[in-house]
Amino acid sequence: MSHDKKEQHAYNASIPHDTVLSAYRRMKTIRMFEDRLHEDFKTGNVPGFAHLYAGQEATAVGICSHLTDQDQIASTHRGHGHCIAKGVGVVAMMKEIYGRQGGICNGKGGSMHIADLKKGMLGANGILGAGAPLACGAALADKLAGQGHVAIVFGGDGGVNEGAVLESMNLASVWKLPLMFVVEQNGYAQSTPQQRTTSVSSYEDRAKGFGMPAATVDGLDFFAVYKTAGALIQKMREGHGPVLLECRTVRFYGHFEGDDQVYRPAGEVDDARKNHDCLKLFAESARNMGISQAELDRIDHEVAELIDRAVQESLKAPHPALSELHDGVYVSY
Amino acid sequence: MTRHITLKSAINEALDQEMARDPKLLLFGQDTAGGVGAGGVADTWGGVLGVTKGLYTKYGDRVIDAPPTEMAYVGAAVGAALSGVPVVAEVPFIDFMGVCFDQLLNQAAKIRYMFGGTAEIPLVIRTMVGAGINGAAQHSQMLTAMFTHIPGLKVVCPSTPHDAKGLMIEAIRDKDPVIFCEPKFLYETSGAVPADPYTIPFGQARIAKEGRDVSIVTYGPMVPRALEAASQLEQKGISAEVIDLRTLSPLDRTTVLKSVMKTGRLVAADEAHPRCNIATDIVAQVTEQCFTSLKAAPQMVSAPHTPVPFSPVLEKAYIPGAEQIIAAVSRTMASHA
Ligand SMILES: Cc1ncc(C[n+]2csc(CCOP(=O)(O)OP(=O)(O)O)c2C)c(N)n1
Ligand SMILES: [Mg+2]
């Protein structure tokens with residue numbers, strides 16, 4: 001076993017089992033939520049666009065497991081995983097995606113705009129890059145409050161090339177904000193491969209240009225993400241400035257539901273599902289830590305029930321009242 | 001030869017024929033080819049809803065996938081056009097214009113004027129407009145009025161496959177920056193389109209249906225709704241004329257004024273929010289220029305002053321339809337100036 005591997009094993013052993021199990025539960029919840037949406041999308045009951053996070057669970061959960069409700073995250077169009085990792089209610093999320101009453105945004109936002117300010121979730125976003133400036137503001141508020149809270153902004157390998165993100169990296173560095181830029185490198189922006197959207201192969205090079213410390217991790221390995229993100233977040237809590245974390249990961253489904261992704265090399269997705277599934281990797285590590293398969297199975301069972309309940313309740317929930325169309329535009333007008 | 005093809009195919013055909021005619025013409029956009037270089041099948045996207053599919057296969061490197069960085073590639077399209085290379089660049093949804101607005105508002109629109117009339121910018125920005133596909137607040141807007149407001153930009157919004165092709169070819173041959181707004185809700189609607197290239201001049205509205213009693217003036221996705229209203233009104237004995245503006249800048253005032261002078265009644269409709277939109281503009285111009293021809297107060301039909309909601313039932317309530325147009329016509333028929 002290599003030195004790094006040994007160190008990681010020792011580190012894993014130091015994580016309380018409760019933390020590991022709750023991370024597993026969140027990852028599994030994301031996976032089942034997305035798998036279910038993928039199936040239900042075909043029935044025509046799910047309106048709008050859905051960008052599924054399946055395959056990338058270890059990244060969102062590895063990072064968000066270090067956060068409290070007072071730490072804030074800004075997400076992307078592919079936001080379901082970030083929301084669940086941050087503790088947003090699954091039933092209310094599902095209702096939102098169905099556009100129903102009781103949805104987390106009252107049916108006004110849908111999949112691409114799920115937000116829960118009480119949970120420190122500043123919203124999925126339909127505009128690439130738009131979360132980064134917002135997260136700068138959140139991090140500034142954290143810095144002013146002086147309680148050691150931090151902000152995280154998620155972005156994809158394509159979207160982080162937007163000017164808004166690059167300007168935010170500079171601003172966060174100049175203002176020394178407690179903000180982590182997470183780049184989820186899943187290889188694609190829609191159908192366009194990473195090397196066609198980005199001038200560098202490692203986003204750490206971007207961070208260097210802005211004077212930010214950075215790290216790259218295997219985004220499929222929950223424990224690696226958890227360890228690296230934990231160290232970076234701790235530094236931010238201690239008053240150091242922004243950081244960048246690149247997580248190398250894979251997208252299981254198409255860019256959005258309806259994308260047959262034939263632009264990907266034949267066998268790429270099958271191989272990812274077989275050999276690079278972050279949940280399989282997690283279960284293996286967990287068993288090595290002495291967590292029994294039965295314990296994981298129990299969680300799987302509970303999660304499956306929760307997801308099923310979320311769908312049943314969403315289908316039963318009434319549509320918003322027409323009068324709600326005009327509500328919530330302004331505080332006062 | 002004339003065939004029935006979709007509005008989406010009509011735009012593809014216009015781009016195809018102009019790419020063939022002018023070897024300098026370039027297409028930019030996100031996934032405009034799509035999938036190139038990934039190792040699987042290339043040219044599988046053609047933009048997010050497939051409008052440019054097949055053009056990469058035909059024109060290769062003249063169809064350029066840009067990173068999702070609208071400020072840079074839209075600005076680069078302006079600069080290339082200014083340097084003599086005509087470009088059709090795609091900003092997938094008009095909602096994303098916020099990201100690249102300066103390059104259009106302060107650069108493309110003003111360069112010719114600021115430079116003393118010396119520059120030409122043969123640029124077309126293709127962009128999707130309108131609600132109706134459950135795209136929610138950031139993928140559904142009808143921001144045509146914002147661009148119409150700006151001197152130096154031309155603004156087009158077709159409602160039929162025939163007009164989409166002719167106006168796109170005109171837009172490409174035009175030497176000014178054109179914001180070409182594509183009503184995504186109508187992409188799959190079919191109509192008769194001549195196979196050969198043809199142009200439709202800017203600033204010429206189309207009388208979509210002749211009538212005597214009231215003029216319904218609109219454009220884009222509201223045109224089929226106005227025609228539906230007109231056919232229902234016909235059964236009630238009201239003869240409505242429907243005018244499809246086709247281009248919002250320049251605007252064909254003559255056709256609008258002539259129609260209102262004939263009918264004496266005006267309903268102006270826009271899918272946009274109600275303040276400072278195309279309908280308010282039409283009502284203002286008609287009221288100012290042919291007040292004495294009006295038999296009743298002009299009426300407007302618009303979406304409400306709210307963002308576009310996600311919930312399908314709320315979105316349906318948001319989008320103005322034939323019903324609202326009929327109600328507006330009834331108001332003009334009832335009241336007397
Ligand atoms: C400003 C803006 N431009 C373009 C889009 C369209 N779009 C949505 S997702 C996407 C690709 C994003 O790729 P990446 O950032 O790698 O995230 P991933 O989808 O892989 O999670 C694009 C181009 C958008 N939503 N906003
Ligand atoms: Mg990506």
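These numbers were taken from a predicted model, which means no experiment stands behind them.

(A) Quick peek at the coordination of the magnesium ion (ligand 2). Residue and element names in this part refer to chain A. Distances from the magnesium ion (ligand 2) to its protein donors, Asp-157 (OD), Asn-186 (OD1) and Tyr-188 (O), fall at 2.0 to 2.3 Å. Between the donor residues of the magnesium ion (ligand 2), the gaps in sequence give the motif D-x28-N-x1-Y. One end of the pair, Asp-157, is in the loop between strand E2 (151-156) and helix H7 (163-174); the other, Asn-186, is in the loop between strand E3 (179-185) and strand E4 (188-189), and 29 residues separate them in sequence. On the accessibility criterion, Asn-186 (9% relative accessible area) is buried.

(B) Here's a closer look at the packing of helix H3 (residues 57-64) of chain A against helix H10 (residues 222-237) of chain A. All names here are of chain A. Put simply, H3 and H10 touch, their axes get as near as 8 Å, and they point 35° apart. Where H3 crosses over H10, the handedness of that crossing is right-handed. Residue-level contacts link Ala-58, Thr-59, Val-61, Gly-62 and Ile-63 of H3 to Phe-222, Val-225, Tyr-226, Ala-229 and Ile-233 of H10. Residues of the contact of H3 with H10, tallied by class, amount to eight nonpolar, two polar and no charged.

(C) Seen up close, the sheet that holds strand E6 (residues 214-218) of chain A. Residue and element names in this part refer to chain A. Strand order in the open sheet formed by five strands is E1-E2-E3-E7-E6, with parallel pairing between adjacent strands. In this open sheet, the two edge strands, each paired with only one partner strand, are strand E1 (72-74) and E6. Between one strand axis and the next, the sheet turns by 20° as a mean value, whatever way the strands run. In terms of strand pairing, E1 meets E2 through three bridges, oriented parallel. Across the sheet, the residue bridging to Gln-72 is Ala-151, located in E2. Across the sheet, H7 touches E3 and strand E7 (243-248), and the angle it forms with E3 is around 150°. Contacting E2, E3, E6 and E7, H10 runs over the sheet at an angle of about 160° to E6.

(D) Summary view of the environment of Leu245(A). Residue and element names in this part refer to chain A. On the secondary structure map, Leu-245 appears in strand E7. For Leu-245, a relative accessible area of 0% translates into the label buried. Residues Leu-245 and Val-303, spaced 58 residues apart in sequence, show a C-alpha to C-alpha distance of 29 Å. Sequence-distant contacts of Leu-245, defined by excluding residues within four places in its chain, comprise Ile-63, Met-180, Phe-181, Val-182, Val-183, Ala-215, Val-217, Thr-228, Ala-229 and Leu-232.

(E) Geometry of the domain arrangement of chain B. Residue and element names in this part refer to chain B. Assigned domains within chain B: domain 1 (2-194) and domain 2 (206-334). Contacts between the two partners involve 26 residues from domain 1 and, on the opposite side, 26 residues from domain 2. Roughly 2,000 Å² of surface becomes buried between domain 1 and domain 2 when both sides are summed, with 62% attributable to carbon and sulfur atoms. The largest contributions to the domain 1 side of the interface with domain 2 come from Asn-134, Met-142 and Cys-157, which together make up 25% of the buried area. Connecting domain 1 to domain 2 are two salt bridges. The partner of Arg-206 in a salt bridge is Asp-163, and the shortest N-O contact between them spans 3.0 Å.

Reading guide: rules and limits
Residues numbered from 1 in each chain as written. Chains lettered and ligands numbered in written order. Predicted model: local features only at pLDDT ≥ 70, side-chain atom pairs only at ≥ 80, totals over all residues. Heavy atoms only, no water. Donors = N, O, S within 2.8 Å, 3.2 Å for Na, K, Ca; no water. Helix = DSSP H or I, 4+ residues; strand = E, 2+ residues; numbered from the N terminus. Buried < 20%, exposed > 50% of the residue type's maximum accessible area, 1.4 Å probe, protein only. Axes fitted to C-alpha atoms, helices over the stretch in contact; angles between N-to-C directions. Left-handed = near helix turned anticlockwise from the far one by under 90°. Contact = heavy atoms within 4.5 Å. Nonpolar A, V, L, I, M, F, W, Y, C, P; charged D, E, K, R; others polar. Pairing = 2+ DSSP bridges. Domains from an automatic or database assignment. Buried area = accessible area lost by both parts, 1.4 Å probe. Salt bridge = Lys/Arg side-chain N within 4 Å of Asp/Glu carboxyl O.

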